[in-house]
Amino acid sequence: MDHQGQFRRAALELGIPDDEISRFSQHLRLSIELSGGSGGVPVGQFGGLPRLPVGMNWPSAGNSPLPFVFSVDCGALPRVDGFDLPVNGTLLFFLDHEADHLDDTGRYARVVHVQDGTNTAVAEAPHSEFTGKQYDVSARLLAELPPWFGTDEDENEDEEWDDLSPFQQQLARDLERDVPHLDELCARAYDLWPGEGLASARIGGYADDAVITSIAEQTLAGLEKAGEIVIPVAKWSSHVEKEKHRLTSEWLSLARFPVADEYYYGSFTIRHDELAAARVDKALPVTEFSE
């Protein structure tokens, strides 16, 4: 479905100029919320036992099996502009959140793409702790905008404005100047794709800020080490913020989800080109501790 076209038509009905709509739409992304208990058409499964290709071993890190989190049927998910998820097959997500939180190699997380037509069977769990309570989830679209988006220097609380970096504050000022109907456009986007608020997971959309920050810092450190750039210590933060802004066009969230004990949050972030090539095994896992 042409979601950008749908949004443009809805905004034009409000009398908003086309150039404002275009500038706003550059930042608008849609994610897919997966929720249980909503009564919708099932598109995936949380917990329980996964269906793996016949003969495939349970994903593990060395001798440590990885807990199964959830799976989704790519063909049953709504198609989203700019989110090149495989058109068919099943994605299965495995994560040992406690081990991954303390490790930066990615070995304690795995995304498996099982193509349609593959001979599969319900896998036998290595241990009962590697499967959670099973339930079906349905899908709904949610509008997403960058964290700095729509923050007003004059109208918002000082704390909210001060939470933004100087670079983000300038982005917000420029946006307010160039998009006078910003509030109406935000409201229209959330009216069209409101989500439900209590999702088991989100597929697509913006990557978590902490993940993009880490990628930006590693990228700049690598360039410095190679002698391609020199960044004064006093300018490091501003360079990171500019690099983060650039990287949002290259990276996106594959999946974000809370894990069973509610103290951790798992995510897989992937480059647009890797996702378009269905190389979901290249997704970068990051587990955050919520307290």
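Anything mentioned here points back to the structure above.
Residues numbered from 1 in each chain as written. Predicted model: local features only at pLDDT ≥ 70, side-chain atom pairs only at ≥ 80, totals over all residues. Heavy atoms only, no water.

Notes on the overall build of the protein chain
Part 1: When helices and strands are counted, the protein chain shows nine helices and 14 strands.
Part 2: At 20 Å, the protein chain has a C-alpha radius of gyration in line with the 19 Å of a compact globule built from 291 residues.
Part 3: Viewed in the frame of its principal axes, the protein chain has a C-alpha envelope of about 60 × 50 × 35 Å.
Part 4: Of all 291 residues assigned to the protein chain, the portion counted as buried reaches 45%.
Part 5: In the protein chain, the proportion of contacts linking residues at least 24 apart, taken out of those at least 6 apart, comes to 71%.
Part 6: Counting 23 positive and 51 negative side-chain charges, the protein chain places the averaged centre of each group 7 Å from the other. (Helix = DSSP H or I, 4+ residues; strand = E, 2+ residues; numbered from the N terminus. Rg over C-alpha atoms; globule rule 2.2 N^0.38 Å. Buried < 20%, exposed > 50% of the residue type's maximum accessible area, 1.4 Å probe, protein only. Contact = heavy atoms within 4.5 Å. Lys, Arg positive; Asp, Glu negative; His and termini not counted. Charge placed at Lys NZ, Arg CZ, Asp CG, Glu CD.)

Some remarks on the environment of Ala201
Part 1: Looking at the element boundaries, Ala201 is found in strand 11 (residues 201-204).
Part 2: We classify Ala201 as buried; its relative accessible area is 2%.
Part 3: As for Ala201 and Pro258, which are separated by 57 residues in sequence, their C-alpha atoms are 7.2 Å apart.
Part 4: Look past the residues within four positions of Ala201 in its chain and what remains in contact with it is Ile32, Glu33, Leu34, Phe46, Phe70, Arg256 and Phe257.

Topic: the packing of aromatic side chains
Part 1: According to the stated counting rule, one finds 13 aromatic pairs in the structure shown.
Part 2: Where Phe7 meets Trp193, the ring centres are 6.5 Å apart and the plane angle is 35°; that geometry is what we call tilted. Highlighted residues: Phe7 in helix 1 (residues 3-12) and Trp193 in the loop between helix 6 (182-192) and strand 11, separated in sequence by 186 residues.
Part 3: By relative accessible area, Phe7 is classed as buried at 0%.
Part 4: Between Trp148 and Phe149 the ring centres are 5.4 Å apart and the planes differ by 50°, which places this aromatic pair in the tilted class. Phe149 matches Trp148 in its accessibility class, with the two residues each being buried.
Part 5: Across from the ring centre of Tyr206, 4.2 Å away, lies the NZ or CZ of Arg29, which sits over that ring. (Phe/Tyr/Trp six-rings, centres within 6.5 Å; stacked < 30°, edge-to-face > 60°. Lys NZ or Arg CZ within 6 Å of the ring centre and 35° of its normal.)

Quick look at the pairing of strand 1 (residues 29-35)
Part 1: With respect to burial, strand 1 is a largely interior element, seven of its seven residues being buried.
Part 2: Where burial is concerned, the two faces of strand 1 agree: the one with Arg29, Ser31, Glu33 and Ser35 and the one with Leu30, Ile32 and Leu34 are both buried.
Part 3: Bridging between strand 1 and strand 10 (residues 135-144) involves seven bridges; their strand directions are antiparallel. Note on strand 10: the bridge partner recorded for Leu34 is Ala139.
Part 4: Note: strand 1 against strand 11, four bridges, orientation antiparallel. (Pairing = 2+ DSSP bridges.)

Things to note about the nonpolar core
Part 1: Grouped together as the largest cluster of nonpolar side chains are 54 residues, with contacts concentrated most on Phe24, Leu34, Phe70 and Leu254.
Part 2: Residues contacting Phe24, with those up to four places away along its chain left out, are Phe7, Leu145, Phe149, Leu182, Leu185, Cys186 and Ala189.
Part 3: By size, the runner-up hydrophobic cluster in this structure holds twelve residues, among which are Phe68, Phe94, Ala99 and Val114. (Core = buried A, V, L, I, M, F, W, Y, C linked by side-chain atoms within 4.5 Å.)

A look at the side chain of His27
Part 1: Of note, His27 is situated in the loop between helix 2 (18-25) and strand 1.
Part 2: Residues in contact with His27, not counting those within four places in the same chain, are Glu144, Leu145, Pro146, Trp148, Phe149, Leu175 and Tyr206.

So, the packing of helix 2 against helix 6
In a pair of packed helices, the angle between the axes and the distance between the axes together describe the arrangement.
Part 1: Where helix 2 meets helix 6, the axes come as close as 11 Å, and the angle between the chain directions of the two elements is 60°. When the interaxial angle is binned, helix 2 and helix 6 end up oblique. Considering only the axes of helix 2 and helix 6, their crossing is right-handed. For the pair helix 2 and helix 6, the contacting residues are Glu20, Ile21 and Phe24 in the first and Leu182, Leu185, Cys186 and Ala189 in the second.
Part 2: Grouping the amino acids of the contact of helix 2 with helix 6 by side-chain chemistry returns six nonpolar, no polar and one charged. (Axes fitted to C-alpha atoms, helices over the stretch in contact; angles between N-to-C directions. Parallel < 35°, antiparallel > 145°, perpendicular 65-115°, else oblique. Left-handed = near helix turned anticlockwise from the far one by under 90°. Nonpolar A, V, L, I, M, F, W, Y, C, P; charged D, E, K, R; others polar.)

Let's talk about the pattern of salt bridges
Part 1: Applying the stated criterion across every chain yields a total of 14 salt bridges.
Part 2: Of the charged contacts, one joins Asp209 and Lys244 as a salt bridge, the two residues approaching to 3.0 Å between their closest N and O atoms. One end of the pair, Asp209, is in helix 7 (residues 209-225); the other, Lys244, is in helix 8 (residues 236-247), and 35 residues separate them in sequence.
Part 3: Assessed through its relative accessible area of 40%, Asp209 is described here as partly exposed.
Part 4: Given a relative accessible area of 7%, Lys244 falls into the buried group. (Salt bridge = Lys/Arg side-chain N within 4 Å of Asp/Glu carboxyl O.)

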